[in-house]
Structure formats: C-alpha cells, structure tokens
Amino acid sequence: MIKGIKIALVSSVMLSGCVVTETINGGIAILNNSLTTAELPITYTKAAKESGTEKMKRLAVISNNRNAATGIIETNLANIRVNGQPYFTFVDKASLSKIIEQQRFNESDISNSKNRTRLGQLTGADTLITADYTADVDTSTYYEKDSECIQKGDKWYKCEKSREITIKCSEKIAKVNFKPKAVSVETGQIVFTKQYSRLSSSKVCKGDDPHPSDSVLRGRALAAVIEELKQDVAPHQVTKNVKLMESDDSDLTDKAEELLDLAVEFAEKDMPDHACKTFAKAQSQYSESLAINYNNGVCAERANDLELAKAYYEKASNLTLDVDELKFVIEGQTRLVERESDNAKLTLATTSNRL
C-alpha cells in the first residue's frame, strides 16, 4: 500500500513580477517521495527449470567438436555448487577419450541401448551428453543520414548553417547456436534437450569507436546461452524485490505506528535487516495490523522460515476484505507454494540422487 499524504495548495502570489512557487514545488516533491513503494529483497534457491534434470549427477560429455561444445558444458556446469558441494561431476576427459577410442564409439552409438549401457558402465556415468555448437559473425554495411555544420555561429557551440550528409556505417552480428542432449544410461530416454540461440550485435558509424572483436561479440552471446542453460539444468539463486505495505486502516498504537514507519524507512534506505527487526518490534506492540503481519511474513520469507511466513500471511488474510490489500497477501502465499515445490525438488536432487 502507498501511504496517503495531504498537500495544502497555496495560491501563487505575484511579488515584484515573480510567481512564488516554492510551497507548491515543495508539495510536489513530498508527493513524489510518497509514491516510492518500499521493498525487501528475497534471495533463495530455485530448482532446475527443466523437469527430469534432477536425475543427472555424473556426466560423460561426448561431442563431435570437443574443443567447443564439450568445453562449454564442462567449464560452465562443473563450477555449479549447492550447499558448498559440486552439483555435477564429470567423467575425466582423458579416461573418456580412451574408452571411446577403445570401444570405437561415436555420437550415433548413443541411440543404441547396448552401447549406451556399456559406455555408462565403463565410465560410471549415469547420463551421456552430446552437443552441437556453432558461432558465426556477420558484417554488413549500411548508410545513415546526418548533418554537418558548414558555417559557425557567433558562439563556438552554435552553427549558422548546416547540410545533410550521408555517412557509412557497419553492423556486426554474432549468432550462437547451442544444442545439448542428455540421455539416461539406465533408461535410454532423453532427459533433456533444447535449442539455444542468442545474438550479440554492434553498430559503428564513421567517427565512432571501433567494433568489439569477433571473440567479444561471440562471448556475449554465449554468456546469455550459458546463463539460461544453468537455470534449466541446475539449482540457481534468484532475488525478488517484494513490495511492502506501508500502512493500513487498523487502530495502531502510537508506538506501533512509529515502529512501522521506521521499518519502512529502513527498507527504503536499503537496510533490510534493520527493517525486519523493527517490523518484529512493531508486531509486539500491536498484533492486529494487516501491514505489520504482512511485512513480517515477507521478512520470514527472507529468512527462509516458510512456516512462519505462512502463519503471518494467513493472519493477514483474515484482517481485510479489500481486494487490493488481499492481492499482496495472495502473491506472498503463491510464492510460498512455489518455494515449497522447489524445496521438494532440491531435496530430491541433493540427497537421494546424489548418494
């Protein structure tokens, strides 16, 4: 909720040919400040977006282009850690290459159940991964209209006369395509596959700084691909800024209202820990406030105490019949349902499937 504020309108007074507007301008400034809604950041771990990837733990990466696709997967997935431990483990490259050479396997052999099982047994992998990767940079030329000063004015920054000119420009576009496929050794089913495509571009005209190098442009596009890949196949942290309630219509005690205002101010000044401590103090002063209960629910979420958050949101929902106010609470309850589902997936991925 946004706190209401009353602004006294003062008539402008003509004084020596000038309009006195300080009072109105001050009122507008106060109004603008009142429209700033306080928020608290909530950071937590989400499960992988793609269902089934929680079963992947020990990976053997096979690719026709080992220097590119294999390196992308291993370099970027090997450093993912959950609870301080590596989330994935990889079959050693040298050992994998030796086994593949001895068995004369190639990518097409993964579709053969017997070969797949054999490779899994030899490497200890539960998932075999192949990948295709391409990265191209195209350059094109185009022209833009511009103006050129042909007669200076009486000031250095003025131009009396100008003319339209055509300038030569160029655009470089890097396009990255990456398609991984993960196959279960045990079942032969495709656990995960997806086509990733990202672009990174640069436009330069005459007189501008030069283009970034091709490798820099490819790197930017690939970075976007990798970020999406990580979120698809592994747990990852997210941060949501959740809006707080700044007031309500309950009969707050003077002390509770003072603490509520102070807590909101802490939140606005990016001091979330102080805000939550103060919201808790406000709760001890007056426990029937919709805003105080809701805000303490947000703080409980922030502390990963989902049961306490659920209790606060439940109480808050019983303190109002206003749709706009209930929207805040319902959004909080929805977040809790999503987080509980994520926690169940995380437990499965980090315990039974990591034994």
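Student: How should the packing of helix α3 (residues 93–103) against helix α4 (residues 113–123) be read in this particular structure?
Tutor: To characterise two packed helices, one gives the angle between the axes of the helices and the distance between these axes. Between α3 and α4, the shortest axis-to-axis distance is 10 Å and the interhelical angle comes to 140 degrees. Regarding the angle of α3 to α4, the classification is oblique. Along this stretch, α3 crosses α4, giving a crossing that reads as right-handed. Along its contact with α3, which presents Leu96, Ile99 and Gln103, the element α4 presents Arg118, Leu119, Leu122 and Thr123. Class assignment of the residues belonging to the contact of α3 with α4 gives a composition of 4 nonpolar, 2 polar and 1 charged.

Student: For this particular structure, what's the right way to read the pattern of salt bridges?
Tutor: Should the charged atoms of two oppositely charged side chains come close, the side chains can pair. Tallying each qualifying case throughout the model produces 15 salt bridges. For Asp232, the salt bridge is made with Lys194, and the minimal N-O distance between the two is 3.0 Å. Remark: Lys194 occurs in the loop between β10 (190–193) and β11 (196–205) and Asp232 occurs in helix α5 (residues 214–233); sequence separation between them is 38 residues. Residue classification places Asp232 among the buried positions, given a relative accessible area of 2%. Owing to a relative accessible area of 23%, Lys194 belongs among the partly exposed residues under this scheme. One salt-bridge network, in which partners are shared between bridges, spans Lys194, Arg198, Glu228 and Asp232.

Student: Mind showing me how you'd approach the nonpolar core here?
Tutor: Considering soluble globular proteins, one finds that nonpolar side chains tend to be buried as a cluster. Counting residues in hydrophobic clusters, the biggest one holds 35 residues, and the most contacted among them are Leu40, Phe279, Tyr294 and Val298. At the level of elements, β3 (39–46), β12 (236–243), α6 (254–268), α7 (272–285), α8 (290–302), α9 (306–317) and α10 (323–350) are the ones that each hand at least two residues to this core. Once you skip the residues sitting within four places of it in the chain, Leu40 turns out to touch Lys240, Asn241, Val242, Leu244, Ala267, Pro272, Ala275, Cys276, Val298 and Cys299. Counting 29 residues, the second largest nonpolar core, distinct from the first, contains Leu59, Ala68, Ile72 and Ala234.

Student: What should I look at first to understand the pairing of β10 in this one?
Tutor: On a regular strand, each side chain points to the face opposite its neighbour's, so the side chains alternate between the two faces of the sheet. In this structure, strand β9 (residues 159–184) lies alongside β10, joined through 3 bridges in antiparallel fashion. Of the residues in β10, the one forming a bridge with Val183 is Ile190. Adjacent in sequence and paired antiparallel, β9 and β10 are bridged by 5 residues, among which Gly188 carries a positive phi angle near 80 degrees.

Student: Teacher, can you tell me more about α10 here?
Tutor: An α-helical turn contains 3.6 residues, so a residue and the one three or four places further along point in the same direction. An ideal rise of 1.5 Å per residue puts 40 Å on 28 residues; α10 measures up with 40 Å between its terminal C-alpha atoms. Contacts from the buried residues of α10 go to β3, β12, α8 and α9. Here α10 starts with a cap whose side-chain oxygen sits 3.0 Å from the backbone nitrogen of Asp324, and that cap is Asp322.

Student: Looking at this model, I keep getting lost on the state of the cysteines. Mind explaining?
Tutor: Here a disulfide denotes a covalent bond joining the sulfur atom of one cysteine to the sulfur atom of another. Using the criterion set out here, one finds 3 disulfides in the structure. Each sulfur of the disulfide joining Cys149 and Cys159 lies 2.2 Å from the other. Here the disulfide of Cys149 and Cys159 is right-handed, its torsion about the S-S bond being about 105 degrees. Here Cys159 lies in strand β9 and Cys149 lies in strand β8 (residues 127–152), a separation of 10 residues in the sequence.

The rules behind these values
Residues numbered from 1 in each chain as written. Predicted model: local features only at pLDDT ≥ 70, side-chain atom pairs only at ≥ 80, totals over all residues. Heavy atoms only, no water. Axes fitted to C-alpha atoms, helices over the stretch in contact; angles between N-to-C directions. Helix = DSSP H or I, 4+ residues; strand = E, 2+ residues; numbered from the N terminus. Parallel < 35°, antiparallel > 145°, perpendicular 65-115°, else oblique. Left-handed = near helix turned anticlockwise from the far one by under 90°. Contact = heavy atoms within 4.5 Å. Nonpolar A, V, L, I, M, F, W, Y, C, P; charged D, E, K, R; others polar. Salt bridge = Lys/Arg side-chain N within 4 Å of Asp/Glu carboxyl O. Buried < 20%, exposed > 50% of the residue type's maximum accessible area, 1.4 Å probe, protein only. Core = buried A, V, L, I, M, F, W, Y, C linked by side-chain atoms within 4.5 Å. Pairing = 2+ DSSP bridges. Expected span 1.5 Å × (residues − 1). Polar contact = N/O pair within 3.5 Å; in protein donor to acceptor, adjacent residues only side chain to side chain. Disulfide = S-S within 2.5 Å.

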